[in-house]
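Residues per chain, in single letters:
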Amino acid sequence: MAVQDRVRTGGEPTAGKAEKASAVGLVLAAVATVVWSGSFVTSRALHDSVPPVQAAFWRWIVAIVAVAPFAAREAWRQRELLRRHLGFLTLASLLGVTVYNTLVNQAGLSTSAGNMGMIMAASPVLMAVCERLGGARLGARRTTGMLVACAGVLLLVSKGSLAPDFATGDLWMLAAAVCFGSYSALLRRKPAGIGGLAFLFSVFVLGALMLAPAYAVSLALQGGFEPTAGTAGPLVYVGVFSSAVAFFAWNRAITLIGAARAGVVYYLQPVCVALLSFALLGEATGPMRILCMALILGGVMLGASRGR
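Please read all numbers here as calculations on a predicted model, not as lab measurements.

**Some words on the packing of aromatic side chains**
Then, number 1: In total, this model carries 15 aromatic pairs according to the counting rule given.
Then, number 2: Residues phenylalanine 180 and tryptophan 250 carry aromatic rings whose centres are separated by 5.6 Å and whose planes lie at 40° to one another, so their mutual orientation is tilted. In this pair, phenylalanine 180 is assigned in helix α9 (residues 168-186) and tryptophan 250 in helix α11 (residues 229-257), connecting sequence segments 70 residues apart.
Then, number 3: Of the aromatic side chains, those joined through ring pairs into one cluster are Trp36, Trp60, Tyr100, Phe180, Tyr183, Phe204, Phe247 and Trp250.
Then, number 4: Above the ring of tryptophan 76, the side-chain terminus of arginine 79 is found at 4.0 Å from the ring centroid.

**Digging into the environment of serine 22**
Then, number 1: With respect to the helices and strands, the residue serine 22 is situated in helix α2 (residues 14-45).
Then, number 2: For serine 22 and arginine 261, which are 239 residues apart along the polypeptide, the C-alpha to C-alpha distance reads 9.8 Å.

**Comments concerning α11**
For an α-helix the count is 3.6 residues per turn, leaving residues at separations of three or four pointing the same way.
Then, number 1: Helix geometry: α11 is bent most strongly at alanine 246, by close to 35°.
Then, number 2: One or two residues past the end of α11 sits glycine 258, with phi positive at roughly 90°.

**Observations concerning the pattern of salt bridges**
Then, number 1: Considering all chains together, one arrives at one salt bridge under this definition.
Then, number 2: Put simply, arginine 83 and glutamate 80 hold a salt bridge, and the shortest N to O gap is 2.7 Å. Here arginine 83 and its partner glutamate 80 are both found in helix α4 (residues 79-84), three residues apart, which amounts to about one turn of the helix.
Then, number 3: When its relative accessible area of 46% is taken as the criterion, glutamate 80 is described as partly exposed.

**With respect to the nonpolar core**
Then, number 1: One finds Phe40, Tyr100, Met120, Met173, Phe199, Phe204 and Trp250 to be the most contacted residues of the largest nonpolar core, which totals 63 residues.
Then, number 2: Sort the elements by how many residues they give to this core and helix α10 (residues 196-222) lands first, with ten residues.
Then, number 3: If sequence neighbours within four positions are ignored, phenylalanine 204 has contacts with Trp60, Ala63, Ile64, Val67, Val97, Ser243, Ala244 and Phe247.

The rules we used
- Residues numbered from 1 in each chain as written.
- Predicted model: local features only at pLDDT ≥ 70, side-chain atom pairs only at ≥ 80, totals over all residues.
- Heavy atoms only, no water.
- Phe/Tyr/Trp six-rings, centres within 6.5 Å; stacked < 30°, edge-to-face > 60°.
- Helix = DSSP H or I, 4+ residues; strand = E, 2+ residues; numbered from the N terminus.
- Lys NZ or Arg CZ within 6 Å of the ring centre and 35° of its normal.
- Bend = angle between axes of the 7 residues up to and from the residue.
- Salt bridge = Lys/Arg side-chain N within 4 Å of Asp/Glu carboxyl O.
- Buried < 20%, exposed > 50% of the residue type's maximum accessible area, 1.4 Å probe, protein only.
- Core = buried A, V, L, I, M, F, W, Y, C linked by side-chain atoms within 4.5 Å.
- Contact = heavy atoms within 4.5 Å.

Structural measurements only, silent on function.
See the structure below:
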């Protein structure tokens, strides 16, 4: 049978290919999660120098420039296919590009980077629910891991209290979490035939176009910002790494392992954000955060495994 499997699959047993795809998917999900953690820190760092809509708009302009040399040709070749699925692409752009990142920047005005990362970790719950509604079986181990990690997030946000005190920015982040969770679940319905780079380039362009009117209003009412090293540097980071690199890695991870399983890895984000915000912004940490991080990491390790 092993020989027959190798013949049918081009030389490698089917089980081996599945294990390899699973490992690659988990690594890509982790890469995206770590890179995105830095974007919450940069959003917080820019809160008093760049208006939220303008930061979002320039992030996607930088992202378009970054991916165009690799993706524009593929998008042009698939233009008819992209046109047929314009509705799907527009919805994905609205959720994952236009609204999500703008809400993150808005949240950065009135809450800490640590809280932003913690609250965003609630989005995997929505991913898992959407997959379950779509007929996917999550399995007892993955569900348990998700619940353990979620408990760590809730304990972290509430600071051990049964009555958590949410700032205005926390509510903006809750809305951002809903958008990102919906976007991730939507990726499982990406039309067959659309290449990963063509999809990425298309949603970036559509998202920037939908942001353009809000950007014009922001310029008229708030004025522009000064392009210094302190503003341009973070925008280049979120445009190249948090957008082009992280979105490509995340989209590919969803294809390989599904939104629910990738979502469990996403629980690593509050741990990464807490460490980065402590190191770069001086935001406080303590025993409660360390305990919650241990819960989150334990839940991720349990939920990301292949066993049921």
